[in-house]
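Inside the fold
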Amino acid sequence: MPYDMTPEIVSSVKSSGNGNLNNAFNLKKDEFYTRYEDVEKEVLRYRSYLEGKTVFCNCDDPFESAFFRFFVANFAKLKLAKLVSTCRAEPSLLASEGNERAFKAVVTVVPCSSPVRPNSPSDIEALLAMPGNSLSPLTGDGDFRSAECEALLSEADVVATNPPFSLFRDYIRQLDKHGKKFIVLGNMNAVTTREIFPLFRENRVWYGESIRSGDRSFHVPDSYPLNAAGCGIDEDGRRFIRVKGVRWFTNIDASKRTERLELTRFYSPDEYPTYENYDAIDVARTKDIPVDYDGLMGVPITFLDKYNSDQFDIVMLANGNARSSVPATTLKEVGYSPHPDDKGGVGIINGRRVYARIIVRRKPL
């Protein structure tokens, strides 16, 4: 049964003498934690949409998550109705040392006197001890796929988190099943999967605005080895690693999604070869899309960083799974013909396979 973190419970936890609060904040293994600055830069773009909404962070320990801290710090500014956070079984405030327990944090009240940016376990502890807020154990392990967490998802308006990259396809599939609005981090390679690419093609999912290229830093536990390029320790003494190809995935509209891509190049057969197995030309860089070509074009995956659905139609993804994942009618539309060097559907030029391409066409002006 859910219960509030009363002062008596907080006192009991503190008196245990084993630092359970700090354990809940620090002792997590092999997980990447999004930086507060990255969350803030993206989520504030959806400020008008979030008003009056219940936000669910379903992969977030409130004692560690930058998402939870951001929504607490901006609870009044965003005019949220409720914030709910769940996480998989981790060291919890209410578990004895060495045990793990999954729990749920609920926030409906954030006083003006709360820290602008709560950083410590004691800040979160004080917040969850307030009437109207609570920290309660979950029956199961807190996996976002569990019936318990899925029931909480059904009650939420918006989901915002950094889900496990290895489970990203399952995660997006669940959000789409429930018809939820979301702002989540993922790897751009996920767009090439048969579960996610159709959502982009059907204009049901797109990239967020604040990350367009490059890599991003993620905090990691103190036990995480820093033995790769891009690892380090920041000014606050926290370990971090850098991950390439990170993007925000969302289905909430923002202003820049309607910005048109400026095209300056002109078509010539020498510069834009035609595939041997598709009736489409190859465009190696998005900025080189010709302004005067009305036929099908194969553009790089990074095209989605600039994609405007009012300017282009996405037809299909020409990659190694194209022959098995694309309807026969679409293959006919793009003039696909088998090629001896074709290993599943990538474009062929001069007998050589090119990188995966998105086949698009410009819309009439």
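Above this text sits the structure in question.
Residues numbered from 1 in each chain as written. Predicted model: local features only at pLDDT ≥ 70, side-chain atom pairs only at ≥ 80, totals over all residues. Heavy atoms only, no water.

This part covers the overall build of the chain. Helix and strand counts for the chain come out as 12 helices and 18 strands. Out of the 365 residues belonging to the chain, those deemed buried represent 52%. Taking as baseline every contact in the chain between residues at least 6 positions apart, the subset at least 24 positions apart corresponds to 69%. Within the structure as shown, the chain displays about 17000 Å² of accessible surface, and the carbon and sulfur contribution to it stands at 49%. (Helix = DSSP H or I, 4+ residues; strand = E, 2+ residues; numbered from the N terminus. Buried < 20%, exposed > 50% of the residue type's maximum accessible area, 1.4 Å probe, protein only. Contact = heavy atoms within 4.5 Å. Areas by Shrake-Rupley, 256 points an atom, 1.4 Å probe, with all protein chains shown as cover.)

What follows is about the nonpolar core. One finds Ile172, Phe249, Ile289, Met297, Leu304, Phe312 and Ile358 to be the most contacted residues of the largest nonpolar core, which totals 42 residues. Sorting the residues of this core by element identifies helix 8 (147-155), helix 9 (168-178), strand 7 (181-187), helix 10 (197-201), strand 14 (296-299), strand 15 (312-318) and strand 18 (357-362) as the ones contributing at least two each. The leading source of residues in this core is helix 9, at 4 residues. Apart from residues lying up to four places away in sequence, Leu304 is in contact with Val191, Phe200, Tyr207, Arg212, Ile314 and Ile358. Membership of the second largest hydrophobic core comes to 41 residues, among which are Tyr46, Phe63, Phe70 and Tyr224. (Core = buried A, V, L, I, M, F, W, Y, C linked by side-chain atoms within 4.5 Å.)

Looking now at the pattern of salt bridges. Summed over the entire model, instances satisfying the criterion amount to 21 salt bridges. Note that Arg247 is salt-bridged to Asp305, the shortest N-O span being 2.8 Å. A residue pair is termed long-range when its members are at least 10 positions apart, and Arg247 in strand 12 (residues 246-250) and Asp305 in the loop between strand 14 and strand 15 qualify at 58 residues. Both residues of the pair, Arg247 and Asp305, count as buried. Salt bridges sharing partners connect three or more residues here, namely Arg88, Asp141, Asp143, Arg145, Arg169, Asp170, Arg173 and Glu195. (Salt bridge = Lys/Arg side-chain N within 4 Å of Asp/Glu carboxyl O.)

With that settled, the discussion passes to the packing of helix 3 (residues 36-43) against helix 5 (residues 66-73). Packed helices, taken two at a time, are described by the angle their axes make and the gap between the axes. Put simply, helix 3 and helix 5 touch, their axes get as near as 9 Å, and they point 55° apart. Here helix 3 is positioned oblique relative to helix 5, judged by the angle of their axes. Remark: the crossing between helix 3 and helix 5 carries right-handed chirality. Side by side, helix 3 and helix 5 meet where Tyr36, Val39, Glu40 and Val43 of the first sit next to Ala66, Phe67, Arg69, Phe70, Phe71 and Ala73 of the second. When the residues that make up the contact of helix 3 with helix 5 are grouped by side-chain class, the tally is 8 nonpolar, no polar and 2 charged. (Axes fitted to C-alpha atoms, helices over the stretch in contact; angles between N-to-C directions. Parallel < 35°, antiparallel > 145°, perpendicular 65-115°, else oblique. Left-handed = near helix turned anticlockwise from the far one by under 90°. Nonpolar A, V, L, I, M, F, W, Y, C, P; charged D, E, K, R; others polar.)

Here we take up the sheet that holds strand 3 (residues 82-86). The strands that make up a sheet pair up through hydrogen bonds in the backbone, lying either parallel or antiparallel. In space, the 8 strands of this open sheet follow the order 5-4-3-2-6-7-12-8, with mixed pairing throughout. Of all strands in the sheet, those bounded by a partner on one side alone are strand 5 (134-137) and strand 8 (206-207). When strand 7 meets strand 12, the two strands line up antiparallel, connected through 5 bridges. Note on strand 12: the bridge partner recorded for Asn187 is Val246. Set on the sheet, helix 5 makes contact with strand 2 (54-57), strand 3, strand 4 (103-107), strand 6 (158-161) and strand 12; between it and strand 3 the angle comes to about 165°. Most of the contacts of helix 9 go to strand 7, to which it runs at about 170°, and overall it touches strand 6, strand 7 and strand 12. (Pairing = 2+ DSSP bridges.)

Time to look at the side chain of Lys104. Positionally, Lys104 belongs in strand 4. Although Lys104 is buried, it makes no salt bridge; Glu155 carries the closest opposite charge, 6.9 Å away. Once you skip the residues sitting within four places of it in the chain, Lys104 turns out to touch Val84, Ser85, Thr86, Ser134, Leu135, Ser136, Leu138 and Leu152. (Lys, Arg positive; Asp, Glu negative; His and termini not counted.)

It is the rolling of a water-molecule-sized probe over the atoms that shows where space remains empty. All told, the structure shown has 2 cavities of 30 Å³ or more when counted by the stated rule. When its volume is computed, the largest cavity comes out at roughly 40 Å³. Forming the boundary of the largest cavity are 11 residues, of which Trp206, Tyr207, Glu209, Ala254 and Arg257 lie nearest the centre. Tallied by class, residues from the lining of the largest cavity come to 5 nonpolar, 2 polar and 4 charged. (1 Å grid on protein atoms, 1.4 Å probe; cavity = no way out; pocket = protein on both sides within 12 Å on 5 of 7 lines; lining within 4 Å. Points joined across faces, edges and corners; volume = space filled by probe spheres on them.)

By themselves, these observations are geometric and do not establish any function.
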